[in-house]
Structure formats: C-alpha cells, structure tokens
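Descriptive structure summary
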Amino acid sequence: MKVLAIANQKGGVGKTTTAVNLAASLAHLGKRVLLVDLDPQANATMGAGIDKAKLKASVYSLLLGESTIQQTIKTSESGGFDLLPASRDLAGAEVELVEASERETRLKSALAQVKDDCDFVLLDCPPALNLLTLNGLVAADAVMIPMQCEYYALEGLSDLVNTLRRIKQNLNKNIEIEGLLRTMFDPRSTLAQQVSEQLVKHFTSKLYHTVIPRNVRLAEAPSYGRPILAYDKSSKGAQAYLQLATEMLARHNSLDAVPVV
Ligand code: ATP
Ligand code: MG
C-alpha cells in the first residue's frame, strides 16, 4: 500500500480534481484505490458521487474514534474506488482533537487496518496546514503537490517545502515529495510557460512530465457526481489524468525494479 497526500496550502489549485480523477484513473488501470476526503468542504466526496448529507459515518467520526474504518468506507460507483467521506462536521474535528491523545497519528492508525486491501490511498487535503492536513502528512509515504503555473505559486511552494522538512524531522521521517504536478495549464499564457520553465529547471526529476490542461469538462464533472472518466472519457482532461496515472505507475515499477543489494 502506498499512501499519497495531495497537498498544497494554496486554495483552488486542483487538489480535489486531481485526487478524484487520479483515483478513478488508477482504478481504471486495475489498481485498488481508497480516496480519503480530509476537507470539510467535502468536494471530493460529492465529486465521487456520495451524498455528504446522508452519511452515518465519516472521516470525522473515524478520527474521533466513533466509527471503525469498515463502518466508514463507501464505494464510489462512478469512480470504481473506495472512499472515506467527509462531512461538514469535520471542521469541528480540529477543535475536538486538539486535546486528544495521538491527535496527529489517528489517520495513520486507521489506515494501517486496510493496508492489505488497497494498492493506493490518496488523501485530498484541505487548503491549510491544519491538524487534518497534518494527519494526512503523518500518514503519507509521499506528497503530490498540484500547482498552477502563476507567479505566487513558487512562493507558496517554498512554504510547503519548509513545512515538509519540519514534518520529516519531527513526525514522519519517511515522507518524500513524490512529485509536482502542473494543473489548469494554459499553453497560450506566457507567464504560465515561464513559471513552468522555472519548475523544470529547479525540480527536474520531481516534476511530472504529464501536464493537466485547463479543460472545462473537468470543472463540469463534479456536479454530476462523476470523475471525468465516467463523464467524458475522450476529453483532454480525462486523457491527461489517465496519462498521469500511467506515469505514476511507471515510476513506481521502475523503483520496484531497482535491485536491492
Ligand atoms: P481547495 O483548495 O478549495 O480545496 P482545490 O485545490 O481542491 O481547491 P479544485 O477544487 O480541484 O482545487 O479546483 C478548483 C476549481 O477549479 C474547481 O472549480 C475545479 O472544477 C476547477 N478546475 C480544477 N482543475 C481544472 C482544470 N484542469 N481545468 C478546468 N477547471 C479546473
Ligand atoms: Mg479541494
């Protein structure tokens, strides 16, 4: 099982769109995927076709020890993956966990129980470095950072990299940056091209070759409770996320293939 946090404290950069569509793409390629919605906005939950208003258990009850992981898991029919859904009360978990013991490691402990049942766990983190994101980063083996190619993106990135460094020192020594993903890319924008060139220069091997284009179909799909593959498979957005999943799997396979001496 590989646990991948999709994180960036900057809002609206495509974290949730990436989480839902990468989950569906990996599932399409035959992988067993669990998507975890760590954001009280519950956009990933709704985007996977699960009604957040009808939940009996959610990440909130799971983190507070009021439901088991088996009671909390739902299946996204449109996505072909499993989901730990969020609901609005997740915002309160922050406050309620502050006093609790092992407050940063609760998600990690819960996920340990399903480690033989999934190939990939994707964590959709909220746009903040709060206790929910911290639970995600403590549970994660690696972080995927979606970013828009705009001027302030690079500034935000150094904050995130510093945070990850601190987490590596104190809470999760194994965490790595899996990769940086360029999202909502508009090739006609000169600024986007310049920022993209900077990223290539500074982060060479950490940058995914796959670039997610701006594509209106990606923005439409969540209102139908479907990942893009189930909404418009031939769209540029669907093809891009499939390519991302393929690139990710190829990277992992080549790592597995490295002989252990
Ligand atoms: P938040 O920080 O609020 O959680 P986020 O980082 O999860 O936001 P998304 O919700 O995935 O970002 O995307 C923000 C908005 O941009 C959404 O309305 C989404 O539908 C749209 N969007 C995301 N990616 C694309 C894309 N490649 N093309 C067009 N629209 C996109
Ligand atoms: Mg989001």
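Scroll up to find the structure this text is about.
Residues numbered from 1 in each chain as written. Chains lettered and ligands numbered in written order. Predicted model: local features only at pLDDT ≥ 70, side-chain atom pairs only at ≥ 80, totals over all residues. Heavy atoms only, no water.

**Focus: the site of ligand 1**
Put simply, the test is: Residues are classed as near a molecule or strand on a simple rule: at least one heavy atom within 4 Å of it. Residues adjacent in sequence count toward polar contacts only when both atoms are side-chain atoms; beyond that, a polar contact is any pair of N or O atoms within 3.5 Å, and within protein one must be able to donate a hydrogen and the other to accept it. The helix and strand labels rest on DSSP assignments: H or I over at least four residues marks a helix, E over at least two residues marks a strand, and numbering proceeds from the N terminus.
Near ligand 1, the surroundings consist of 18 residues, among which K15, T16, T17, P213 and N215 are the closest. The separation between an oxygen atom of ligand 1 and a polar main-chain atom of V13 is 3.0 Å. The separation between an oxygen atom of ligand 1 and a polar main-chain atom of T16 is 2.8 Å. Every element with two or more residues in the shell around ligand 1 is listed here: α1 (15–28), β8 (207–213) and α10 (216–220). No other element matches α1, which puts 3 residues into the shell around ligand 1.

**Quick look at empty space enclosed by the protein**
The condition is simple: Lining residues are defined by having an atom within 4 Å of a point belonging to a cavity or pocket. Those points lie on a 1 Å grid over the protein atoms alone, cavities being sets where a 1.4 Å probe fits but cannot get out and pockets being open sets with protein on both sides within 12 Å along at least five of seven lines. Grid points are joined across faces, edges and corners, and a volume is the space filled by probe spheres set on the points.
In this structure the tally under the stated criterion is 1 cavity of 30 Å³ or more. Its boundaries defined by the atoms lining it, the largest cavity holds a volume of some 40 Å³. Lining the largest cavity are N8, K10, V13, M147, Q148, A153, G156 and L157. Among the secondary structure elements, those contributing two or more residues to the lining of the largest cavity are β6 (142–148) and α8 (151–170). At 3 residues, α8 tops the list of elements feeding residues into the lining of the largest cavity.

**With respect to the packing of α8 against helix α9 (residues 190–203)**
Two packed helices can be described by the angle between their axes and the distance between those axes. Note the cut-off: Note on definitions: angles span 0 to 180 degrees between N-to-C directions of axes, and those axes are lines fitted to C-alpha atoms, for helices only across the stretch in contact. Under this scheme an angle from 65 to 115 degrees is roughly perpendicular, one under 35 degrees roughly parallel, and one over 145 degrees roughly antiparallel; angles in between are oblique. We call two residues contacting when some pair of their heavy atoms lies within 4.5 Å.
Contact pair α8 / α9: the axes reach a minimum separation of 9 Å and the direction vectors enclose 30°. The orientation of α8 with respect to α9, classified from their angle, is roughly parallel. Contacts between α8 and α9 involve Y151, L154 and L157 from the former and L191, V195, Q198, L199 and F203 from the latter.

**Side note on unusual backbone geometry**
Inclusion rule: Type-normalised accessible area, obtained with a 1.4 Å probe on protein chains alone, sets the label of each residue: buried when under 20%, exposed when over 50%, and partly exposed for intermediate values.
The phi torsion at A42 lies on the positive side, around 55°, for a residue other than glycine. Here A42 shows up in the loop between β2 (33–37) and α2 (43–47). Overall, A42 belongs to the buried group, its relative accessible area being 0%. For M184, which is not glycine, the phi torsion reads 45° and is therefore positive. Tracing the chain through its elements places M184 in strand β7 (residues 176–185).

**Some points on the pattern of salt bridges**
What counts, and what does not: A pair is scored as a salt bridge if a Lys or Arg side-chain nitrogen falls within 4 Å of a carboxyl oxygen belonging to Asp or Glu.
The full count for this structure, using the stated rule, is 10 salt bridges. When the shortest N-O distance is used, the salt bridge between E150 and K10 registers 3.4 Å. On the criterion of sequence distance, the pair formed by E150 in the loop between β6 and α8 and K10 in the loop between β1 (2–6) and α1 is long-range, its members being 140 residues apart. Assessed through its relative accessible area of 25%, E150 is described here as partly exposed. A salt bridge links D119 to R32, with the shortest nitrogen-to-oxygen separation between them at 3.1 Å. Pair noted here: D119 is in the loop between α6 (106–112) and β5 (120–124) and R32 is in the loop between α1 and β2, with a separation of 87 residues, a long-range link. The partly exposed category is assigned to D119, whose relative accessible area is 25%. Each of R217, E220 and D232 takes part in salt bridges that share partners, so that together they form one network.

**Some points on the nonpolar core**
Operational definition: In this description, a nonpolar core means a group of buried Ala, Val, Leu, Ile, Met, Phe, Trp, Tyr and Cys residues linked to one another through side-chain atoms lying within 4.5 Å.
Counting residues in each nonpolar core, the largest one holds 49 residues, and the members touching the most others are V36, L111 and L123. Counting residues per element, this core draws most heavily on α8, which supplies 6 residues.

**Considering the state of the cysteines**
Definition in use: Cysteine sulfurs are considered disulfide-paired once they come within 2.5 Å of each other.
Applying the stated rule across the entire model yields 0 disulfides. There is no disulfide at C118, and the cysteine sulfur nearest it, in C125, is 16 Å away.

**Description of the layout of surface pockets**
As a reminder of what qualifies: Classification convention: Asp, Glu, Lys, Arg as charged; Ala, Val, Leu, Ile, Met, Phe, Trp, Tyr, Cys, Pro as nonpolar; all other residues, Gly among them, as polar.
Size it by volume and the largest pocket reaches roughly 340 Å³. Lining the largest pocket are 22 residues; nearest its centre among them are T17, N21, L218, A219 and P222. Elements with a minimum of two residues in the lining of the largest pocket: α1, α2, β7, β8 and α10. Here the element with the most residues in the lining of the largest pocket is α1; it accounts for 4 residues. In the lining of the largest pocket, the residues fall into 12 nonpolar, 8 polar and 2 charged.

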